[in-house]
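Topology and contacts: notes
Each chain, letter by letter, is given below.
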Amino acid sequence: MRFIKQLFYFYVNSSIHVAIAAYALTWVTLLEYNLKYDKNSLYFVFFATITGYNFVKYFGVAKFHHRRLADWLKAIQLFSLIAFIILAYYAFQLLVNSKILIVLLGVITFLYAIPLLPKKYFVDDQSNLRQISGLKVYVIAIVWSLSTVVLPLIQNEIEIGADAVVTCFQRFFYIIVLMLPFEIRDLNYDSLKLGTIPQRIGVKRTKIIGIFLLILFFFLEYFKNEIDTKSLTILLIITFVTALFLAFSNKNQSKYYSAFWVESLPIFWLVLFLILS
């Protein structure tokens, strides 16, 4: 039992779970646009998510030298290195336009974690995008929208037309909503200087904003040139289930409420798509 718990702990904390979620959303995009399974896009997004998330999460932690932490961290660092090597392989398989996009995403991720920019724009001594008051959730939503919508479409040489733009906005709003339970959870730990949405407007109003964004997320589907009944049904289900998870989120939520269950929603979305297909 202890081994299973440690394995699950590694699964979540090494960002494998969130990487599967990103992989799932990328596959959802392929299915929405009737595109074939594109292993280069999908595997790149999967391994890039592991690398990027672990880089952001553990860059600042690496300076600590506590033995127990060091052993745990070394395992994740080694795993991240392997993921980086694999992502580099799949990056070379991508088209030129796709490579240009991933360079942009890489720069954003780098600036998100590394203190390089002028301190006058930041809320504390760490001059990175993560510390700009209120910016965190929007940076993450932009990166996810570009990597799970634009990247697979560019890679499959699909024109980024009106429908694709609508899909990007839908994905942007949806990722923001998925971030809200995390921000509500972190109210007990985040510095007030971060200016997260719950810090600014409170938990109740944050949930109201989240529900509004989910409604917008659903009804944007009607602005597409091609409306599919199956997609609408799936979208309605995922909107309702996500709304429930947002409604039941609180500051004292269980350890894995957000880190596992909320992050499982994109996987649930993909499963719905595959079943109804």
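For the structure itself, look to the data block above.
How each quantity is defined
Residues numbered from 1 in each chain as written. Predicted model: local features only at pLDDT ≥ 70, side-chain atom pairs only at ≥ 80, totals over all residues. Heavy atoms only, no water. Helix = DSSP H or I, 4+ residues; strand = E, 2+ residues; numbered from the N terminus. Buried < 20%, exposed > 50% of the residue type's maximum accessible area, 1.4 Å probe, protein only. Contact = heavy atoms within 4.5 Å. Salt bridge = Lys/Arg side-chain N within 4 Å of Asp/Glu carboxyl O. Axes fitted to C-alpha atoms, helices over the stretch in contact; angles between N-to-C directions. Parallel < 35°, antiparallel > 145°, perpendicular 65-115°, else oblique. Left-handed = near helix turned anticlockwise from the far one by under 90°. Nonpolar A, V, L, I, M, F, W, Y, C, P; charged D, E, K, R; others polar. Expected span 1.5 Å × (residues − 1). Phe/Tyr/Trp six-rings, centres within 6.5 Å; stacked < 30°, edge-to-face > 60°.

Each helix and strand counted, the protein chain has 12 helices and zero strands in total. Listing each helix as α and each strand as β along the protein chain from the N terminus yields α-α-α-α-α-α-α-α-α-α-α-α. The proportion of buried residues among the 277 residues of the protein chain is 49%. The long-range fraction of contacts in the protein chain, counting pairs at least 24 apart against all pairs at least 6 apart in sequence, stands at 71%.

Moving on: the pattern of salt bridges. This structure, assessed with the given rule, holds three salt bridges. The partner of Glu 32 in a salt bridge is Arg 171, and the shortest N-O contact between them spans 3.9 Å. Taken as a pair, Glu 32 in helix H2 (residues 16-32) and Arg 171 in helix H7 (residues 162-185) lie far apart in primary sequence, 139 residues in all. In this structure, Glu 32 and Arg 171 share a single accessibility class: buried. Between Glu 221 and Lys 224 there is a salt bridge; the shortest N-O distance is 3.2 Å. Among the residues examined, Glu 221 registers a relative accessible area of 4% and is labelled buried. Residue Lys 224 is classed as buried on the basis of its relative accessible area of 8%.

The subject of this paragraph is the packing of helix H3 (residues 39-58) against helix H6 (residues 136-155). Packing of H3 against H6 leaves a shortest axis separation of 10 Å and a crossing angle of 160°. By the angle between their axes, H3 is roughly antiparallel relative to H6. Two packed elements cross with a definite hand, and for H3 against H6 that hand is right-handed. Where H3 approaches H6, its residues Ser 41, Phe 44, Val 45 and Tyr 53 are matched on the opposing element by Ile 140, Trp 144, Ser 147, Leu 151, Pro 152 and Gln 155. A per-class count over the contact of H3 with H6 returns seven nonpolar, three polar and no charged.

Compared with the 24 Å implied by 1.5 Å per residue over 17 residues, the 24 Å span of H2 between its first and last C-alpha is a close match. With 15 of 17 residues buried, H2 lies mostly within the body of the structure. Once H2 finishes, Asn 34 follows within two positions and takes phi at roughly 55°, a positive value.

A few words on the side chain of Ser 80. Within the fold, Ser 80 resides in helix H4 (residues 67-93). Accessibility expressed as a relative area gives 11% for Ser 80, which makes it buried.

What follows concerns the packing of aromatic side chains. With the rule as written, the count across this model stands at 21 aromatic pairs. With centroids separated by 4.9 Å and ring planes inclined at 80°, the aromatic side chains of Trp 27 and Tyr 37 adopt a geometry described as edge-to-face. With Trp 27 in helix H2 and Tyr 37 in the loop between H2 and H3, this pair connects stretches of sequence that are 10 residues apart. Using a relative accessible area of 19% as the deciding quantity, one classes Trp 27 as buried. Judged by relative accessible area, which is 37%, Tyr 37 ranks as partly exposed. Here a set of aromatic residues connected by ring pairs shows up, and it is made of Tyr 23, Trp 27, Tyr 37, Tyr 43, Tyr 89 and Tyr 90.

By themselves, these figures tell us nothing about what the structure is for.
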